[in-house]
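Descriptive structure summary
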Amino acid sequence: MSYDVLVFEPAVVSDADFPVWWERQSAWSEDHSYSDPAVTTPALRAFHEDMLRYFPDLQAEVRACDALGTEPDPDRVEDLADYSIGSRLICMSFFWSRAARAITTVETVALRHGVAVARVSEDSSIQRP
């Protein structure tokens, strides 16, 4: 199981409506790839680009290793994150061993880019800019 954190455009949903909205969003039914940052908003794209400095993309690492016929470095893999990118959100999955560092980093970077954070693996508490 992973430690999941969601960032989203703050105007998209109120705290009260968040649980129902997240339930619909987590069906992943948008008609696009969920690995392409071009599908999301400018603020979320900037957030994603910034986050990659702290937690590189796990799927990109796997694709690069596949192309080279190698395996991801086991000493590095826990410092990667899996990003699912929607039109108004980004869901990130981290290794539980990195949960404390992940939430601190996500919340700091989110404030810098003006996006909201929901701790979906915990209590779904929401931090807004």
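Now for a quick tour of the structure. Quantities reported herein were computed from a predicted structural model and do not represent experimental measurements. Throughout, a residue's number is its position along its own chain's written sequence, starting from 1. For a predicted model such as this one, the threshold for reporting local features is a pLDDT of at least 70, and the threshold for listing and counting side-chain atom pairs is 80 or more; totals across whole chains, interfaces and linings nevertheless cover every residue. Side-chain figures throughout are based on the complete set of non-hydrogen atoms in the structure, without hydrogens or water.

A few words on helix 2 (residues 42-51). Relative accessible area decides the class of each residue, using a 1.4 Å probe on protein chains only: under 20% of the type maximum gives buried, over 50% gives exposed, and in between gives partly exposed. Only DSSP runs of H or I with at least four residues qualify as helices, and only runs of E with at least two residues qualify as strands; both kinds are numbered from the N terminus onward. Those residues of helix 2 lying buried are Leu44, Phe47, His48, Asp50 and Met51. Mapping the buried residues of helix 2 onto a view down its axis gives an arc of 165°, with all of them on the same face. With respect to the buried face of helix 2, the exposed residues turned more than 90 degrees away are Pro42 and Glu49. Here the buried face of helix 2 lies against strand 1 (3-8), strand 2 (82-85), strand 3 (89-94) and helix 4 (99-113). Here the arc refers to the set of directions running from the helix axis out to each C-beta atom. A contact between two residues is defined here by any heavy atoms of the two lying within 4.5 Å.

Turning our attention to the packing of aromatic side chains. Pairing of aromatic side chains requires ring centres within 6.5 Å, counting the rings of Phe and Tyr and the six-membered ring of Trp. Pairs whose planes differ by under 30 degrees are stacked, by over 60 edge-to-face, and all others tilted. Enumeration over the complete set of coordinates arrives at seven aromatic pairs. Where Phe55 meets Phe94, the ring centres are 4.8 Å apart and the plane angle is 70°; that geometry is what we call edge-to-face. Here Phe55, found in the loop between helix 2 and helix 3 (58-68), pairs with Phe94, found in strand 3; they are 39 residues apart in sequence, far enough to count as distant. We classify Phe55 as buried; its relative accessible area is 0%. Charge-over-ring contacts are defined here by two conditions on Lys NZ or Arg CZ: a distance within 6 Å of the ring centre and an angle within 35 degrees of the ring normal. Taking NZ or CZ as reference, Arg101 lies 4.1 Å from the ring centre of Phe55, over its face.

Membership of the largest hydrophobic core comes to 21 residues, with the highest contact counts inside it found for Val7, Phe47, Met51, Met92, Phe94 and Val106. For this core, the secondary-structure elements that each account for two or more residues are strand 1, helix 2, strand 2, strand 3 and helix 4. It is helix 4 that provides the largest number of residues to this core, a total of six residues. In this structure, Phe94 is in contact with Ser2, Tyr3, Val5, Met51, Phe55, Ala81, Ala102 and Val106, ignoring residues within four places of it in sequence. We define the nonpolar core as a collection of buried residues of types Ala, Val, Leu, Ile, Met, Phe, Trp, Tyr and Cys that are connected through side-chain atoms lying within 4.5 Å of one another.

The next subject is the environment of Gln127. Of note, Gln127 is situated in strand 5 (residues 126-127). When the C-alpha atoms of Gln127 and Ala46 are compared, they prove to be 18 Å apart, with 81 residues separating the residues in sequence. For Gln127, the residues in contact, after removing those within four places along its chain, are Glu107, Leu111, Ala116 and Val117. Polar contacts, as used here, are pairs of N or O atoms within 3.5 Å; protein pairs need one atom able to donate a hydrogen and one able to accept it. Residues neighboring in sequence count only if both atoms are side-chain atoms. Here the side chain of Gln127 touches Glu107 through a polar contact of 3.3 Å, landing on its backbone oxygen.

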